[in-house]
Amino acid sequence: MRASTTAAVAASSEVAGDDGVRRPGGEVHAWLPGQNQTVCGLQLSRTRLRRFPHVPFDYSDNDVLTEADPEGYVCPRCLAATQGRREGEKGWVRTNPRP
(Lines give C-alpha, C1' and ligand atoms only; values in the text may rest on other atoms or scores of the structure.)
Protein backbone atom coordinates (compact mmCIF):
# COMPACT_ATOMS: atom_id res chain seq x y z
CA MET A 1 0.00 0.00 0.00
CA ARG A 2 1.27 3.42 -0.92
CA ALA A 3 1.59 6.11 1.74
CA SER A 4 -0.86 9.00 1.42
CA THR A 5 0.18 12.65 1.50
CA THR A 6 -3.00 13.80 3.24
CA ALA A 7 -2.85 13.39 7.01
CA ALA A 8 -5.63 11.50 8.76
CA VAL A 9 -6.33 11.19 12.48
CA ALA A 10 -5.07 8.67 15.02
CA ALA A 11 -6.59 9.01 18.48
CA SER A 12 -6.47 7.38 21.89
CA SER A 13 -10.21 6.70 22.01
CA GLU A 14 -13.29 6.80 19.84
CA VAL A 15 -16.75 8.31 20.22
CA ALA A 16 -19.89 7.51 18.26
CA GLY A 17 -21.05 10.56 16.31
CA ASP A 18 -24.64 11.74 15.89
CA ASP A 19 -24.92 9.78 12.65
CA GLY A 20 -23.43 6.60 14.15
CA VAL A 21 -20.02 6.99 12.51
CA ARG A 22 -17.07 6.61 14.85
CA ARG A 23 -15.18 9.83 15.61
CA PRO A 24 -11.81 10.42 17.32
CA GLY A 25 -11.67 11.28 20.98
CA GLY A 26 -9.07 11.83 23.66
CA GLU A 27 -5.53 12.53 22.47
CA VAL A 28 -5.41 13.30 18.72
CA HIS A 29 -2.38 12.89 16.41
CA ALA A 30 -1.77 13.26 12.68
CA TRP A 31 -1.19 9.99 10.83
CA LEU A 32 -0.33 9.28 7.19
CA PRO A 33 -2.33 6.23 6.00
CA GLY A 34 0.01 3.42 4.97
CA GLN A 35 2.47 4.07 7.78
CA ASN A 36 2.67 2.53 11.24
CA GLN A 37 3.56 5.75 13.04
CA THR A 38 2.16 9.21 13.60
CA VAL A 39 3.71 12.30 12.06
CA CYS A 40 5.40 13.09 15.39
CA GLY A 41 6.97 9.62 15.50
CA LEU A 42 4.77 7.61 17.88
CA GLN A 43 4.28 3.98 16.90
CA LEU A 44 0.59 3.18 16.52
CA SER A 45 0.92 -0.39 17.76
CA ARG A 46 2.85 0.43 20.94
CA THR A 47 0.79 3.47 21.95
CA ARG A 48 -2.53 1.75 21.11
CA LEU A 49 -3.75 4.66 19.01
CA ARG A 50 -6.82 3.95 16.89
CA ARG A 51 -6.72 4.88 13.21
CA PHE A 52 -9.39 7.04 11.59
CA PRO A 53 -8.59 7.11 7.85
CA HIS A 54 -11.98 8.70 7.07
CA VAL A 55 -11.28 11.76 9.28
CA PRO A 56 -8.82 14.36 7.90
CA PHE A 57 -6.40 16.06 10.29
CA ASP A 58 -7.64 19.62 9.77
CA TYR A 59 -6.81 21.18 13.12
CA SER A 60 -4.94 24.46 13.42
CA ASP A 61 -2.88 25.98 16.21
CA ASN A 62 -5.53 28.58 17.01
CA ASP A 63 -8.39 26.09 17.50
CA VAL A 64 -9.97 26.23 20.94
CA LEU A 65 -11.10 22.91 22.37
CA THR A 66 -13.93 23.03 24.88
CA GLU A 67 -15.24 20.35 27.22
CA ALA A 68 -18.02 19.63 24.74
CA ASP A 69 -15.47 18.43 22.15
CA PRO A 70 -14.57 14.74 22.27
CA GLU A 71 -10.96 15.64 21.45
CA GLY A 72 -9.19 16.53 24.66
CA TYR A 73 -5.69 17.21 23.35
CA VAL A 74 -4.20 17.86 19.90
CA CYS A 75 -0.49 17.03 19.59
CA PRO A 76 1.48 20.26 19.04
CA ARG A 77 4.28 18.39 17.22
CA CYS A 78 1.77 16.98 14.73
CA LEU A 79 0.28 20.46 14.26
CA ALA A 80 3.70 21.91 13.49
CA ALA A 81 4.55 19.10 11.08
CA THR A 82 1.31 19.36 9.09
CA GLN A 83 1.04 23.15 8.88
CA GLY A 84 4.45 23.94 7.43
CA ARG A 85 5.66 27.52 7.16
CA ARG A 86 3.27 30.42 7.30
CA GLU A 87 2.68 32.51 4.23
CA GLY A 88 5.42 35.08 3.74
CA GLU A 89 7.79 33.38 6.18
CA LYS A 90 11.11 32.56 4.48
CA GLY A 91 12.94 31.03 7.40
CA TRP A 92 16.01 32.12 9.27
CA VAL A 93 18.00 34.96 7.69
CA ARG A 94 21.11 36.61 9.11
CA THR A 95 20.57 40.36 9.11
CA ASN A 96 23.83 41.58 10.65
CA PRO A 97 26.70 39.18 9.92
CA ARG A 98 29.73 39.18 12.17
CA PRO A 99 33.02 40.46 10.68
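The paragraphs below set out a description of the structure included in this document. (Residues numbered from 1 in each chain as written. Predicted model: local features only at pLDDT ≥ 70, side-chain atom pairs only at ≥ 80, totals over all residues. Heavy atoms only, no water.)

The next point concerns the pattern of salt bridges. Taken as a whole and assessed by the stated rule, the structure comprises two salt bridges. Here Arg 22 makes a salt bridge to Glu 14, at a shortest N to O gap of 3.2 Å. Judged by relative accessible area, Arg 22 falls into the partly exposed class, the value being 31%. Among the ionic pairs, Glu 14 bridges to Arg 50, the shortest N-O distance being 3.8 Å. Taken as a pair, Glu 14 in strand β1 (residues 8-16) and Arg 50 in strand β3 (residues 50-56) lie far apart in primary sequence, 36 residues in all. Glu 14 sits in the partly exposed class, given a relative accessible area of 40%. Its relative accessible area of 37% is what places Arg 50 among the partly exposed residues. Linked by salt bridges that have partners in common, Glu 14, Arg 22 and Arg 50 make up one network. (Salt bridge = Lys/Arg side-chain N within 4 Å of Asp/Glu carboxyl O. Buried < 20%, exposed > 50% of the residue type's maximum accessible area, 1.4 Å probe, protein only. Helix = DSSP H or I, 4+ residues; strand = E, 2+ residues; numbered from the N terminus.)

Our focus in this paragraph is the nonpolar core. Val 9, Val 28, Phe 57, Tyr 59 and Cys 78 are the most contacted members of the largest nonpolar core, which has 14 residues in total. Secondary structure elements with two or more residues in this core: β1, β2 (22-31), β3 and α2 (76-83). Sequence-distant contacts of Cys 78, that is, excluding residues within four places in its chain, are made with His 29, Ala 30, Val 39, Cys 40 and Phe 57. Within the second largest apolar cluster, five residues are counted, among which are Ala 8, Trp 31, Leu 44 and Leu 49. (Core = buried A, V, L, I, M, F, W, Y, C linked by side-chain atoms within 4.5 Å. Contact = heavy atoms within 4.5 Å.)

Glancing now at the sheet that holds β3. Spatially, four strands are ordered β3-β1-β2-β4 in an open sheet, and the strand pairing comes out mixed. Edge positions in the open sheet fall to β3 and β4 (71-74), since each of these has one partner strand only. Taking each pair of neighbouring strands and ignoring which way they run, the sheet shows an average axis angle of 35 degrees. When β2 meets β4, the two strands line up parallel, connected through three bridges. The residue of β4 that forms the bridge with Val 28 is Val 74. (Pairing = 2+ DSSP bridges. Axes fitted to C-alpha atoms, helices over the stretch in contact; angles between N-to-C directions.)

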